[in-house]
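Here is what each chain is made of, one letter per residue.
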Amino acid sequence: MAEPILAASELYKFFGTAQGRFAVVREVSFSVPEGKLVTIMGPSGSGKSTLLHMVSGLEPPAGGAVTLAGQDLWGLSEKRRTLLRRDVVGFVFQFYNLIPNLTVSENIRLPLLIGAGGGVDTDGEFERLVEAFALGDKLRQYPHQLSGGEMQRVSIARALIARPAIVMADEPTGNISTSAGEEVMRLFRRACDEQGQTILLVTHNSRDAAFSDEVHFLRDGELHEEQRLRGDQVTHEGIAASLTTLGI
C-alpha cells in the first residue's frame, strides 16, 4: 500500500496561558491517501481550522508530528518548511484571498509566478482549468467584478494549477450560495476523479462532506474514529447518523 500523502500523529494544540490554558486539539491522528477527497467535519469552534493550519505548516503544534509528502514537516527549518508548503500544498480559503489588483488570469497563475509547479505544462494546465471552471469570459475581470461563486472557482483554479500534491480547503463553501457551493464540491470531486488530485477539506457542512471518499468527525478538539465513514458509507444518511450519535 502506498504511503499517505499526509499523516498526522497525536497532535495537540493549547490556547490560553499556563494558568488557564485549554486544548483546542487533543491527540488527533489521521492520514490522507493520495488521490482521495478526505473531510474533517465538525461544528464551529471544534478545532478544524487550527488542525488544518498545523498539518499545512502554518501553525506549530504543541505536541505530535506531521508527515507531509514523506517529510517531517515540523522537523524542518522554517525556510525548508515554507518551500515544502509552496511546492506541495495548494490552499482554498473560505474568504477566497484573491489579490484585488490582479485580474482573474493573473490570480490563477500566481502560484507559478512564485516558483511552484516545476515541470507542469503551465499553458496547457491553465487552459484546462479555465475551461473546466467556465472562466473563459472572466479572465480580464478583477475580483470585485465577480460573484462569490465565481471568486471561489478562481481560488480553486489557483490552488490546482501547479498540480500540488495536496489541496487543503478551509470551509470553501461557507460564503457562497447553496447552488454555488454544490458546484464547488463537484469541481473538487472532478479534480480527484479525473486528475488524481488529493484534497483535504474541513467543513461543518454535511452536504459538502457527502462528496468525500472518507469523513472524520471532530468534536471539542478530538477525532471520534468510531464514527469515521469510508467509501460507500459516505452518504447523507450515514453522515446524519454519525452527527446524531456525536450530538453535533
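Note that this is a predicted model, so its numbers are computed, not measured.

(A) Main features of the sheet that holds strand 2 (residues 22-32). Strands sit in the order 2-1-4-5 across an open sheet of 4 strands; the sheet is antiparallel. Each edge of the open sheet carries a strand with a single partner, namely strand 2 and strand 5 (71-72). Looking at chain direction, strand 1 (residues 6-15) and strand 2 are connected through 7 bridges and run antiparallel. For Ala-7, the partnering residue across the bridge sits in strand 2 and is Ser-31. Along the sheet face, helix 1 (residues 48-56) touches strand 1, strand 2 and strand 4 (63-68) and points at about 125° away from the line of strand 1.

(B) Region of the structure containing the packing of aromatic side chains. Scanning the model with the defined rule gives 3 aromatic pairs in all. Arranged with centres 6.1 Å apart and planes meeting at 15°, the rings of Tyr-12 and Phe-14 form a pair that is stacked. Given a relative accessible area of 31%, Phe-14 falls into the partly exposed group. Between the aromatic rings of Phe-15 and Phe-22, the centroid separation amounts to 6.2 Å while the plane-to-plane angle is 85°, which identifies the pairing as edge-to-face. Above the plane of the ring of Phe-126 lies Arg-109, whose end atom (NZ or CZ) is 3.9 Å from the centre.

(C) Expanded view of the nonpolar core. Among the nonpolar cores identified, the biggest contains 33 residues, and Ile-108, Phe-133 and Phe-188 are the most heavily contacted of them. The set of elements that each furnish at least two residues to this core consists of helix 3 (104-113), helix 4 (122-132), helix 5 (148-160), strand 7 (166-170), helix 6 (178-195) and strand 8 (199-203). Considering each element in turn, this core owes the most residues, 7 residues, to helix 6. If near-sequence neighbours (up to four positions away) are discounted, Phe-188 is found in contact with Leu-37, Val-92, Ile-156, Ala-169, Pro-172 and Ile-199.

(D) Fine view of the packing of helix 5 against helix 6. Axis separation between helix 5 and helix 6 bottoms out at 9 Å; the angle between their running directions is 15°. Between helix 5 and helix 6, the crossing angle belongs to the class labelled roughly parallel. Handedness of the crossing formed by helix 5 with helix 6: right-handed. Contacts between helix 5 and helix 6 involve Gly-149, Gln-152, Arg-153, Ile-156 and Leu-160 on the former and, on the latter, Ala-180, Glu-183, Val-184, Leu-187, Phe-188 and Ala-191. A class-by-class count of the residues in the contact of helix 5 with helix 6 yields 7 nonpolar, 2 polar and 2 charged.

(E) Spatial organisation of the layout of surface pockets. Volume-wise, the largest pocket comes out at about 340 Å³. For the lining of the largest pocket, the secondary structure elements donating two or more residues are helix 2 (78-88), strand 6 (89-92), helix 3 and helix 5. For the lining of the largest pocket, the element with the highest residue contribution is strand 6, accounting for 3 residues. Class assignment of the residues belonging to the lining of the largest pocket gives a composition of 11 nonpolar, 2 polar and 3 charged.

(F) Region of interest: the pattern of salt bridges. Applying the stated rule across the entire model yields 15 salt bridges. A salt bridge links Glu-194 to Arg-190; the nearest nitrogen and oxygen atoms lie 3.6 Å apart. With Glu-194 and Arg-190 both in helix 6 and 4 residues apart, this pair spans about one turn of that helix. Through salt bridges with shared partners, a single network forms among Glu-214, Glu-225, Arg-228 and Arg-230.

(G) The side chain of Ser-212, seen in detail. Tracing the backbone through its elements, the reader meets Ser-212 in the loop between helix 7 (206-209) and strand 9 (214-219). Side-chain polar atoms of Ser-212 contact the side chain of Thr-39, separated by 2.5 Å. When sequence neighbours within four positions are dropped, the list of residues in contact with Ser-212 reads Leu-37, Thr-39, Arg-189 and Val-234.

(H) How the structure looks around the environment of Gln-233. Among the secondary structure elements, Gln-233 is positioned in the loop between strand 11 (229-230) and helix 8 (236-246). The residues contacting Gln-233, other than those within four sequence positions of it, are Arg-228 and Gly-238. Within the structure, the side chain of Gln-233 is placed 2.9 Å from the backbone nitrogen of Arg-230, a separation counted as a polar contact.

(I) Quick peek at empty space enclosed by the protein. Under the counting rule described, the total for this entry stands at 2 cavities of 30 Å³ or more. Roughly 70 Å³ of volume is contained in the largest cavity. Considering the residues around the largest cavity, the lining is formed by Arg-128, Leu-129, Ala-132, Phe-133, Leu-160, Leu-187, Arg-190, Ala-191, Glu-194 and Gln-195. Elements represented by at least two residues in the lining of the largest cavity include exactly helix 4 and helix 6. Broken down by element, the residue count for the lining of the largest cavity peaks at 5 residues, all from helix 6. Lining the second largest cavity are Leu-52, His-53, Ser-56, Leu-58, Phe-91, Val-92, Phe-93 and Asp-170. Contributing elements (two or more residues each) for the lining of the second largest cavity: helix 1 and strand 6. Ranked by residues supplied to the lining of the second largest cavity, first place goes to helix 1 with 3 residues. Taken together, the residues that form the lining of the second largest cavity break down as 5 nonpolar, 2 polar and 1 charged.

What counts, and where the lines are drawn
Throughout, residues of each chain are indexed from 1 in the direction in which the sequence is written. Confidence filtering applies because this is a predicted model: local features only for residues at pLDDT of at least 70, side-chain atom pairs given and counted only at 80 or more, and all residues used for totals across whole chains, interfaces and linings. Values reported for side chains reflect all heavy atoms of the structure, with hydrogen atoms and water molecules removed beforehand. Each pair of strands is called paired provided DSSP finds at least two bridges between the two strands. By the criteria applied, helices consist of DSSP H or I runs no shorter than four residues and strands consist of E runs no shorter than two, each listed in order from the N terminus. Contacts: residue pairs with any heavy atoms within 4.5 Å of one another. In this description, a line fitted to the C-alpha atoms serves as the axis of each element, helices being fitted only across the stretch in contact, and the angle between N-to-C directions of two axes falls anywhere from 0 to 180 degrees. Within 6.5 Å between ring centres, the rings of Phe, Tyr and Trp (the latter by its six-membered ring) count as paired, and their orientation is classed by plane angle as stacked under 30 degrees, edge-to-face over 60, tilted in between. The cut-offs for exposure are 20% and 50% of the maximum accessible area for each residue type, with area from a 1.4 Å probe on protein chains only; residues under the lower value are buried, those over the upper are exposed, and the others partly exposed. Definition used: whenever NZ (Lys) or CZ (Arg) falls within 6 Å of the ring centre and also within 35 degrees of the ring normal, the charge is taken to sit over that ring. Here, nonpolar core means buried Ala, Val, Leu, Ile, Met, Phe, Trp, Tyr and Cys residues that are tied together by side-chain atoms lying within 4.5 Å of each other. The labels follow the angle: roughly parallel below 35 degrees, roughly antiparallel above 145, roughly perpendicular from 65 to 115, and oblique for the rest. Two helices cross in a left-handed way if the nearer one is turned anticlockwise from the farther one by less than a right angle. They cross in a right-handed way if the turn is clockwise. Classification used: nonpolar for Ala, Val, Leu, Ile, Met, Phe, Trp, Tyr, Cys and Pro, charged for Asp, Glu, Lys and Arg, polar for all others including Gly. The pocket and cavity definitions rest on a 1 Å grid over protein atoms only: a 1.4 Å probe that fits but cannot leave marks a cavity, an open set with protein on both sides within 12 Å along at least five of seven lines marks a pocket, and residues lining either have an atom within 4 Å of a point. Grid points are joined across faces, edges and corners, and a volume is the space filled by probe spheres set on the points. One speaks of a salt bridge when a side-chain nitrogen belonging to Lys or Arg is within 4 Å of a carboxyl oxygen belonging to Asp or Glu. In protein, a polar contact means a hydrogen-donor-capable atom and an acceptor-capable atom, both N or O and within 3.5 Å, with residues adjacent in sequence counting only if both atoms are side-chain atoms; elsewhere, any N or O pair within 3.5 Å suffices.

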